[in-house]
2 protein chains.
Amino acid sequence: MKYHGYFFILIGLGVLSCKQETVKEKEVSAEKLTSYVNTFTGTDGPGNTYPGAVAPFGMVQLSPDNGLPGWDRIAGYFYPDSTIAGFSHTHLSGTGAGDMYDLLVMPLNSRFNESLTPEGAYRPYSKFSHDREEAGPGYYAVDLLSSGIKAELTTTSRVGFHQYTFPKDDKSQIILDLGYSLNWDKPMDTKITIEDNQTISGYRKSKGWANDQRVYFVMQFSKPFDSGQLFKDSKEIQGQSVSGQFTKIVANYKTGDGEKIKVKVALSSASIDGARKNLEAELPHWDFEKTVKEIDGVWEKFLSKITIEGTEAQKELFYTNLYHVFLTPSLHSDIDGAYKGADGKNHIAEGYNKYDTFSLWDTFRATHPLYTLLAPKETEDMIKSFLSHYDETGLLPVWSLAGNETNMMIGYHAVPVIVDAYFKGIPMDAEKALEACVASANEDGRQIDLYKRLGYVPTGEHHENWSVSKTLEYAYNDWCIAQLAKDLGKDEIAVTFTERADNWKNLYDPESSFFRPKDEKGKFISPFSPKEYTKEFCESNAWQYFWFVPHDIDGLEQAVGKEEFAVKLDSMFTYYPEANDKLPIFSTGMIGQYAHGNEPSHHVAFLYNNIGKPWKTQEMVRKIIETQYSTKPDGYCGNEDCGQMSAWLVLSSMGIYPINPAKGVYSITSPFVEAATINLEGGKQFVISTENQSKENCYIQSITLNGKPYDKLTITHEDIVQGGELHFVLGNKPNKEL
Amino acid sequence: MKYHGYFFILIGLGVLSCKQETVKEKEVSAEKLTSYVNTFTGTDGPGNTYPGAVAPFGMVQLSPDNGLPGWDRIAGYFYPDSTIAGFSHTHLSGTGAGDMYDLLVMPLNSRFNESLTPEGAYRPYSKFSHDREEAGPGYYAVDLLSSGIKAELTTTSRVGFHQYTFPKDDKSQIILDLGYSLNWDKPMDTKITIEDNQTISGYRKSKGWANDQRVYFVMQFSKPFDSGQLFKDSKEIQGQSVSGQFTKIVANYKTGDGEKIKVKVALSSASIDGARKNLEAELPHWDFEKTVKEIDGVWEKFLSKITIEGTEAQKELFYTNLYHVFLTPSLHSDIDGAYKGADGKNHIAEGYNKYDTFSLWDTFRATHPLYTLLAPKETEDMIKSFLSHYDETGLLPVWSLAGNETNMMIGYHAVPVIVDAYFKGIPMDAEKALEACVASANEDGRQIDLYKRLGYVPTGEHHENWSVSKTLEYAYNDWCIAQLAKDLGKDEIAVTFTERADNWKNLYDPESSFFRPKDEKGKFISPFSPKEYTKEFCESNAWQYFWFVPHDIDGLEQAVGKEEFAVKLDSMFTYYPEANDKLPIFSTGMIGQYAHGNEPSHHVAFLYNNIGKPWKTQEMVRKIIETQYSTKPDGYCGNEDCGQMSAWLVLSSMGIYPINPAKGVYSITSPFVEAATINLEGGKQFVISTENQSKENCYIQSITLNGKPYDKLTITHEDIVQGGELHFVLGNKPNKEL
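Model, not experiment: these values are computed from the prediction.

Can you break down the overall build of chain A residue by residue, with the values?
Of the regular secondary structure elements, chain A holds 17 helices and 40 strands. Taking 27 Å as the expected radius of gyration for a compact globule of 738 residues, we find that chain A reaches 26 Å, a close match to that expectation. In chain A, which comprises 738 residues, the share counted as buried stands at 65%. Taking the contacts inside chain A whose residues are at least 6 apart along the sequence as the reference set, 68% of them involve residues at least 24 apart. Counting only carbon and sulfur atoms, one obtains 48% of the accessible surface of chain A, whose full area is about 25,000 Å². Looking at chain A, you have 72 positive and 99 negative side-chain charges, and the mean spots of the two groups are 1 Å apart.

Given below as structure tokens:
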């Protein structure tokens with residue numbers, strides 16, 4: 001393996017060559033980065049991640065299902081559980097909404113609860129143990145203790161690949177259950193056709209959080225089954241095909257001891273034919289081990305986009321998070337570009353990969369900015385995907401899932417993603433992008449009509465929730481539109497949206513010094529308690545939303561007053577909820593009123609940089625990393641949220657974070673790792689290095705950029721993508737002169 | 001607490017006064033025996049016990065349900081699981097059949113998966129942790145981590161008592177779900193009526209393993225509910241009553257922080273009115289703590305039937321097993337004697353308690369003989385219960401459950417229970433008992449017609465399973481009938497059944513020296529491999545069934561030859577299955593071919609006493625105790641089986657076990673505990689004491705009975721119930737002269 005880097009570790013000696021001269025093209029036998037990833041991180045606690053096999057941004061998320069409903073089990077798998085109901089092909093990573101779980105496959109045999117199957121009609125749950133479970137990027141294996149069958153999973157982007165090792169048994173089975181569902185997910189129309197005794201195909205159309213989900217599939221078995229029994233509503237039916245709400249096929253085998261039977265399941269959102277083409281293109285062979293190696297290689301390539309130096313623990317934390325950054329969005333188009341659009345029709349993504357599953361309220365903050373550094377080509381395709389969504393629906397996506405708009409959460413945060421990418425030079429049809437942004441900002445739904453009329457979203461009994469949060473987020477999105485319009489010379493639009501960008505001021509209440517809900521008549525509502533979680537704040541309170549003016553921190557500081565702003569920022573991290581305060585499910589990872597477990601807080605620790613107290617940013621970011629993250633199964637303090645929680649860690653660990661994620665500027669803090677090299681597209685590298693890095697030495701003493709003293713607390717995207725080295729000298733005391 | 005005993009422990013000093021003179025009526029502050037019981041033992045592994053609240057032989061088994069199906073979860077709760085779906089009122093202890101689970105109660109609130117209940121129609125599973133769970137006889141408590149509600153359960157014999165401690169919440173709920181079912185259980189007809197805002201009543205009629213199960217109930221709430229929402233098939237319906245297959249009520253509350261709401265649920269198999277009377281009679285108050293204390297006192301009384309000396313670990317093992325001995329059979333009649341009979345009609349048990357849930361194939365071996373020592377009154381009522389079953393159906397129960405005959409397993413093993421009790425002087429209508437025994441032995445079903453005609457049950461494609469096992473067990477049961485008939489002067493019956501008792505000889509194959517399946521024409525089938533698990537042997541093979549001639553061990557020895565018998569007995573414990581041998585789910589706890597995890601083996605280790613090698617019995621019984629039992633959750637090596645696995649331990653630990661459980665004779669081995677006092681009804685005591693007891697000193701050197709040398713390896717029931725002391729001197733080498 002080639003390893004290009006300014007810095008490297010001599011394996012075995014552990015010598016850290018931090019300050020040596022640049023060594024290019026030097027080959028060293030580096031450790032595998034995939035070995036640092038713990039795919040179980042986030043599967044306990046509120047993380048809601050899954051441990052299964054997935055390619056970076058892959059269409060298939062083939063992962064074990066405990067078979068239990070509930071908040072804890074949104075990703076299908078919850079570390080404390082002891083059951084496996086099977087392996088389904090689609091899962092959400094780190095969300096708060098229980099959907100997907102398509103195409104559950106489960107192997108069985110006569111040892112499986114045999115005395116409990118007089119009618120064979122119940123759902124089988126196998127016992128499993130973490131002692132006999134193993135996983136890494138693109139691979140998952142578990143012993144099903146109730147049957148003695150070993151299950152292994154791997155995947156390509158569009159094809160899930162199962163390998164089951166059976167004990168000797170005359171009644172071995174592989175079941176595909178299209179009726180299986182959990183939480184919000186509900187099968188509506190499913191079909192299975194036996195094409196021959198090694199091939200079946202069909203579809204599962206379901207409804208849940210997303211209204212119209214379609215998963216077409218072709219499934220191949222490495223060994224012809226002796227018989228294929230079709231079921232509808234748990235009753236066996238005759239023939240070669242079955243359709244209905246709850247369908248299932250049982251493929252029967254006699255197996256020898258240790259016999260392996262493999263199964264490939266290709267997906268498509270567009271058609272069975274599309275699934276078949278995906279299968280032929282991506283996985284024409286039956287070599288399971290080869291596929292495991294290949295997907296591991298793909299992951300190694302993605303993880304190598306950043307190479308770091310640091311302790312083993314730091315590497316595990318960093319790469320586990322970097323891994324989660326690349327799980328979502330999900331590839332949505334077939335090998336020939338076909339996909340099911342948000343208008344319910346099939347489309348062709350011409351010359352790009354259509355992505356979907358955009359959790360934009362979360363990911364516009366740090367995930368998409370990180371993609372502009374690490375995955376510019378995918379970013380280009382994601383923006384094309386936004387624009388095709390616009391073509392299909394007339395609006396940019398808000399929370400789009402599997403070819404649907406779920407309208408979950410608030411804002412039109414595709415806008416900052418587009419604008420950020422635009423200014424960073426990601427190719428796009430900018431005119432059309434602006435048109436889509438303006439259209440999304442001017443629709444009448446989502447209380448935007450009221451927002452436009454009043455300059456804020458009002459609260460009141462007959463109004464929707466989250467009025468303050470919407471006002472602040474709309475205002476920020478509007479600022480983004482104004483920048484894009486300005487740059488494209490669309491002055492009229494720029495003026496309109498520059499005005500709208502100031503709408504945050506309309507809800508600022510000088511009396512309480514918070515953003516405070518207002519009614520339709522312009523009156524602030526009373527009583528008002530900033531720490532209460534009321535319906536005007538999205539999953540949050542007035543403390544957490546106070547900071548959400550990312551485009552005008554200076555203006556916010558002025559509104560509050562310089563001193564008050566500083567006091568408030570200190571209070572944010574020290575004013576803890578009391579024992580009897582009722583916190584919502586999302587308010588986790590609390591440091592004072594700061595809730596790292598949810599997104600509105602994510603930029604707040606960096607704001608000390610804006611008020612001349614950067615050492616407090618350095619302290620606090622270090623504290624958040626050290627107290628709110630680990631690689632244990634409960635290593636996330638809140639929902640991982642499709643990469644946002646992880647992207648925060650990845651960027652902050654390198655010492656950079658975008659307060660305004662559409663401005664191309666990163667706020668600086670002391671790196672947590674010893675060094676990081678961002679391997680940019682085109683071969684350039686940006687190195688972040690440190691001297692005197694340690695747990696105590698979290699304070700920046702001095703910075704140089706490419707060897708020259710650097711006295712700013714921000715660095716531009718441009719500086720980074722040119723390549724170079726940002727070097728930190730650290731110490732155990734604040735340098736207040738910096 | 002008064003402690004009557006020849007021997008006692010001086011707490012705090014730990015001085016063991018083994019050989020001192022008899023001290024009567026001496027008061028010592030003894031430890032509580034209930035504190036030695038681990039109610040979680042058997043909830044992991046194959047034990048299939050439940051950890052919930054139950055009275056000795058109680059009608060209610062109020063225990064947590066994980067809410068998952070499967071063999072491991074037959075008792076509703078499986079230690080490795082992490083979920084609680086609620087608390088249902090009926091459970092089976094240690095069986096292999098998944099039934100019961102009536103009346104699931106679950107508290108909820110708005111913190112419970114709130115974002116996953118858009119339609120409120122899914123089953124809620126709370127997370128729980130063993131760190132925040134506590135239980136003992138008659139009490140179970142757990143923190144429901146998904147809601148923050150603490151759940152506590154206790155019970156009287158017929159009334160389950162719940163106490164829920166809620167956090168502050170405006171949407172607290174207590175749900176009763178009559179549609180909940182698992183495994184074989186299926187609701188057929190259920191009904192809920194709201195009588196007032198503190199009282200509901202109704203029934204749940206279900207079908208499963210037992211065909212016609214009826215649970216009538218009255219449920220009271222300590223606090224009036226704000227509203228009671230009725231559901232049918234997950235849809236809310238209006239009115240004060242709902243009936244159908246799947247019904248549910250949600251009682252809504254606003255709760256203050258730490259507010260306790262209690263629920264009492266009285267059961268009856270006969271009627272709602274019966275349940276109401278049970279409630280009034282057994283639990284008229286709302287004092288939860290008092291009820292916990294009372295049920296603890298009841299358990300203390302039951303456990304005090306034997307007081308032992310030994311290590312703390314021995315006490316835990318002994319009392320945990322003694323506890324399990326008293327869980328089943330279950331009280332089936334109301335306070336006024338009414339119960340649902342096996343004929344589907346209601347009956348009145350006049351002057352006795354009607355019991356049901358008789359797992360007789362298991363429990364005739366050691367559990368019922370133990371009851372004759374510890375629970376003679378209950379034994380009397382159990383036999384009355386057999387005879388009422390006979391009145392209702394014309395046959396004695398085989399595996400009766402909740403007023404049904406399930407016809408599970410084989411034999412007519414109510415017979416040895418009756419005959420054993422008869423000869424031990426338990427009062428009964430002996431003439432009628434004999435009539436019932438003969439009727440059961442002469443019915444045409446269960447292949448008894450063939451058995452009578454051919455002298456054995458034949459095998460063959462068109463015949464039912466388990467032909468060899470049936471032949472052997474019928475022959476033994478027939479011997480029992482012959483003894484009873486003889487004693488009652490019914491010579492004709494005695495002659496007939498004495499002849500039938502020899503039927504085991506008809507399947508003995510001198511060539512293989514095993515019991516070997518025969519076809520209808522009298523030809524032994526070929527091929528025949530004794531270690532194979534074939535359909536002719538009930539959950540077993542020819543090795544395990546070879547020893548099942550408990551009434552004629554001498555005859556069996558003669559048939560095989562003295563030397564061959566001894567070799568075979570050694571081989572039984574040394575001839576291990578090979579890696580590729582396929583064992584059925586029941587063959588667990590293997591020592592050679594000996595399977596302690598299933599019942600047919602249970603008397604085998606004692607057979608060395610019959611062939612002059614008692615030290616091998618002493619070795620092997622000690623080995624079984626030490627390797628096949630613990631108080632860990634997976635402390636049983638097989639299904640606990642309604643007390644049989646535990647009764648084996650209790651008797652063997654005291655050094656006595658009935659090879660022929662209808663003969664009133666116990667085979668002797670070295671005690672495992674240091675001393676045991678059986679506190680007999682009427683105040684007499686039988687003491688088993690040891691000298692030089694230790695792990696190594698498992699060999700009997702000498703025995704005295706009431707101070708006189710004792711040279712027999714058996715002791716009669718009569719000797720025991722007269723009171724006295726059986727004293728063992730132990731050593732680390734066999735005394736082969738004994």
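So much for the structure itself; the text now carries on.
Talk me through a positive patch on the surface; I want residue IDs and the actual numbers.
There is a patch of like positive charges on the surface, built from R111, K168 and K171 of chain A together with K582 of chain B. Residue position: R111 of chain A is located in the loop between β7 (104-108) and β8 (126-127). For R111 of chain A, a relative accessible area of 41% corresponds to the partly exposed category.

Describe the confidence of the model for chain A, and please don't skip the residues or the numbers.
Residues and elements named next belong to chain A. Averaged over chain A, the pLDDT score is 93; the fraction of residues at 70 or greater is 94%. Across residues 1-29, confidence stays below pLDDT 50; counting only partners more than four residues off in sequence or on other chains, it has 52 contacts. In the predicted structure, residues 114-121 sits below a pLDDT of 50 and forms 16 contacts with residues beyond four places in sequence or in another chain. With a pTM of 0.83, the predicted complex shows an ipTM of 0.72.

Any chance you could break down the packing of helix α8 (residues 430-442) of chain A against helix α11 (residues 491-500) of chain A for me, citing the residues and the numbers?
Residues and elements named next belong to chain A. Here α8 crosses α11 at 45°, and the two axes come no closer than 13 Å. Classified by the angle their axes make, α8 and α11 are oblique. When the axes of α8 and α11 are compared, the crossing they make is left-handed. Contact residues: α8 offers L434, V438, A441 and N442, while α11 offers I493, F497 and R500. Grouping the constituent residues of the contact of α8 with α11 by class yields five nonpolar, one polar and one charged.

Which residues make up the environment of E392 of chain B, and what values do they have?
All names here are of chain B. Structurally, E392 can be placed in helix α6 (residues 376-393). E392 gets classed as buried once you look at its relative accessible area, which sits at 12%. Separated by 48 residues in the primary sequence, E392 and G344 place their C-alpha atoms 8.7 Å from one another. Residues within four places of E392 in sequence aside, it is in contact with Y339, G341, A342, D343, H347 and K354.

Tell me about helix α10 (residues 467-487) of chain B, and please be specific about residues and values.
A rise of 1.5 Å per residue sets the reference length of α10 of chain B, with its 21 residues, at 30 Å; its end C-alpha atoms lie 30 Å apart and thus fit the reference within 8%. Just downstream of α10 of chain B lies G489 of chain B, where phi reads positive at about 75°.

Go over the pattern of salt bridges, please, and point to the residues and values.
Inspection of the entire model under this criterion finds 62 salt bridges over all chains. D44 of chain A is the partner of K127 of chain B in a salt bridge, and the nearest nitrogen-oxygen pair spans 3.7 Å. Of this pair, K127 of chain B sits in strand β8 (residues 126-127) while D44 of chain A sits in the loop between β2 (15-16) and β3 (53-54), which puts the two residues in different chains. Relative accessible area serves as the criterion here: at 16%, D44 of chain A is assigned to the buried category. Of the charged contacts, one joins E681 of chain B and K305 of chain B as a salt bridge, the two residues approaching to 3.9 Å between their closest N and O atoms. With E681 of chain B in the loop between β35 (675-679) and β36 (685-691) and K305 of chain B in the loop between α2 (288-303) and β22 (306-309), this residue pair connects regions lying 376 residues apart in the sequence. Residue K305 of chain B is classed as buried on the basis of its relative accessible area of 12%. The network of salt bridges with common partners includes D102, D185 and R204 of chain A.

Can you break down the environment of V215 of chain A residue by residue, with the values?
Residue and element names in this part refer to chain A. On the secondary structure map, V215 appears in strand β16 (residues 213-221). Taking the C-alpha atoms as reference points, V215 and R73, separated by 142 residues in sequence, lie 22 Å from one another. Aside from chain neighbours lying at most four places away, what touches V215 is D102, L103, G202, Y203, R204, L267 and S268.

So what about the sheet that holds strand β14 (residues 186-196) of chain A? Which residues, and what values?
Picture the strands of a sheet paired through backbone hydrogen bonds; they go either parallel or antiparallel. Residue and element names in this part refer to chain A. Spatially, β9-β10-β11-β12-β21-β16-β15-β14-β19 is the arrangement adopted by the nine strands of the open sheet, whose pairing is antiparallel. A strand with exactly one partner marks an edge of an open sheet, and here the two such strands are β9 (133-136) and β19 (241-244). Strand-to-strand twist of the sheet, defined as the mean angle between neighbouring strand axes without regard to direction, takes the value 15°. Where β14 meets strand β15 (residues 199-207), nine bridges bridge the pair, whose relative direction is antiparallel. Residue pairing across strands places D189 opposite K205, the latter belonging to β15. Taken strand by strand, helix α1 (residues 272-282) contacts β12 (159-166), β14, β15, β16 and β21 (259-268), and its axis lies near 50° from that of β16. Packing against the sheet, helix α2 (residues 288-303) makes contact with β10 (139-144), β11 (149-155), β12 and β21, and its axis sits at approximately 45° to β11.

Reading guide: rules and limits
- Residues numbered from 1 in each chain as written.
- Chains lettered and ligands numbered in written order.
- Predicted model: local features only at pLDDT ≥ 70, side-chain atom pairs only at ≥ 80, totals over all residues.
- Heavy atoms only, no water.
- Helix = DSSP H or I, 4+ residues; strand = E, 2+ residues; numbered from the N terminus.
- Rg over C-alpha atoms; globule rule 2.2 N^0.38 Å.
- Buried < 20%, exposed > 50% of the residue type's maximum accessible area, 1.4 Å probe, protein only.
- Contact = heavy atoms within 4.5 Å.
- Areas by Shrake-Rupley, 256 points an atom, 1.4 Å probe, with all protein chains shown as cover.
- Lys, Arg positive; Asp, Glu negative; His and termini not counted.
- Charge placed at Lys NZ, Arg CZ, Asp CG, Glu CD.
- Patch = residues over 30% accessible without salt bridge, like charges linked within 9 Å, V, L, I, M, F, W, Y side chains within 5 Å.
- Salt bridge = Lys/Arg side-chain N within 4 Å of Asp/Glu carboxyl O.
- pLDDT = per-residue confidence, 0-100.
- Axes fitted to C-alpha atoms, helices over the stretch in contact; angles between N-to-C directions.
- Parallel < 35°, antiparallel > 145°, perpendicular 65-115°, else oblique.
- Left-handed = near helix turned anticlockwise from the far one by under 90°.
- Nonpolar A, V, L, I, M, F, W, Y, C, P; charged D, E, K, R; others polar.
- Expected span 1.5 Å × (residues − 1).
- Pairing = 2+ DSSP bridges.

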